[in-house]
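# Understanding the architecture of this molecule
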Amino acid sequence: MKKIMGLDYGDRRIGVAISDAFGWTAQGVEVIERRRDEGELDRIAALVKDNEVGEIVVGLPKNMNGTIGPRGEICMEFANTLRESLSLPVHLWDERLSTVSAERTLLEADVSRKKRKQVVDKMAASFILQNYLDSKR
């Protein structure tokens, strides 16, 4: 059974999460720094290969009223780029509040601001992927 990768695509960083083999749980894996040369695509491709990923879920930030703004359009373009370069199914998943949820969880756990910055994207990717996995059941 192929695993599913969740991505939280941000301006500077991409949070990455990967499901277990059964598609039940999402684990944060790493945070990829975005680069001008789009080297992040190579890193994603390597993770896909190393973890036997069969599909990808990209968080789609929508406005609270459900419309898609400039940020959402960028994520849609990124999803298309992944689809073309990796030849895998790529789904867009409404991620409204995933970063907010991740921040809140870390605040409640009393994680320092510096440490929060390092893990929030990875955690947001986990929330996106977990919500997607739960919807499939």
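Residues numbered from 1 in each chain as written. Predicted model: local features only at pLDDT ≥ 70, side-chain atom pairs only at ≥ 80, totals over all residues. Heavy atoms only, no water.

## What to know about a nonpolar patch on the surface
Spelled out, the test is: Only residues whose relative accessible area exceeds 30% and that form no salt bridge are eligible for patches; like-charged ones are grouped when within 9 Å, while nonpolar side chains (Val, Leu, Ile, Met, Phe, Trp, Tyr) are grouped when within 5 Å. Computed with a 1.4 Å probe, the accessible areas rest on the Shrake-Rupley method; for each residue, only the protein chains presented here act as cover. When a carboxyl oxygen of Asp or Glu is within 4 Å of a side-chain nitrogen of Lys or Arg, the pair counts as a salt bridge. Only DSSP runs of H or I covering at least 4 residues are called helices, and only runs of E covering at least 2 are called strands; the numbering of each starts at the N terminus. Relative accessibility decides the category of a residue: with a 1.4 Å probe and only protein chains considered, values under 20% of the type maximum give buried, values over 50% give exposed, and everything between is partly exposed.
Together, M1, F22 and W24 make up a nonpolar patch on the protein surface, roughly 430 Å² of accessible area in all. If you trace the backbone, F22 turns up in the loop between β2 (13-19) and β3 (26-33). Exposure remark for F22: the relative accessible area of 52% places this residue in the exposed category.

## Comments concerning the packing of helix α1 (residues 40-50) against helix α2 (residues 70-86)
Just so we agree on the cut-off: Axis definition: a line fitted to C-alpha atoms, limited for helices to the stretch in contact. Angles are taken between N-to-C directions and run from 0 to 180 degrees. Orientation labels follow simple angle bins: below 35 degrees gives roughly parallel, above 145 gives roughly antiparallel, 65 to 115 gives roughly perpendicular, and whatever is left gives oblique. Working rule for handedness: look at the near helix, and if it is turned counterclockwise from the far one by less than a right angle, call the crossing left-handed; if clockwise, right-handed. By definition, residues are in contact when any of their heavy atoms lie within 4.5 Å. Following the grouping adopted for this structure description, the nonpolar residues are Ala, Val, Leu, Ile, Met, Phe, Trp, Tyr, Cys and Pro, the charged ones are Asp, Glu, Lys and Arg, and the polar ones are all others, Gly among them.
Running from amino to carboxyl end, α1 crosses α2 at an angle of 55°, the nearest separation of the two axes being 11 Å. When the interaxial angle is binned, α1 and α2 end up oblique. Read as a crossing pair, α1 and α2 show a hand that is right-handed. Side by side, α1 and α2 meet where L41, I44, A45 and V48 of the first sit next to F78, T81, L82 and L86 of the second. Residues of the contact of α1 with α2, tallied by class, amount to seven nonpolar, one polar and no charged.

## Concerning the sheet that holds β2
Here is the rule: Any two strands with at least two DSSP bridges between them are considered paired.
Read from one edge to the other, the open sheet built from five strands follows the order β3-β2-β1-β4-β5, with strand pairing classed as mixed. A single partner strand is all that each edge strand has here, and the edge strands are β3 and β5 (90-94). Averaged over all adjacent pairs, the angle separating strand axes in this sheet is 25°, with direction ignored. In this sheet, β3 lies alongside β2 in antiparallel orientation, the contact comprising seven bridges. Residue pairing across strands places A17 opposite G28, the latter belonging to β3.

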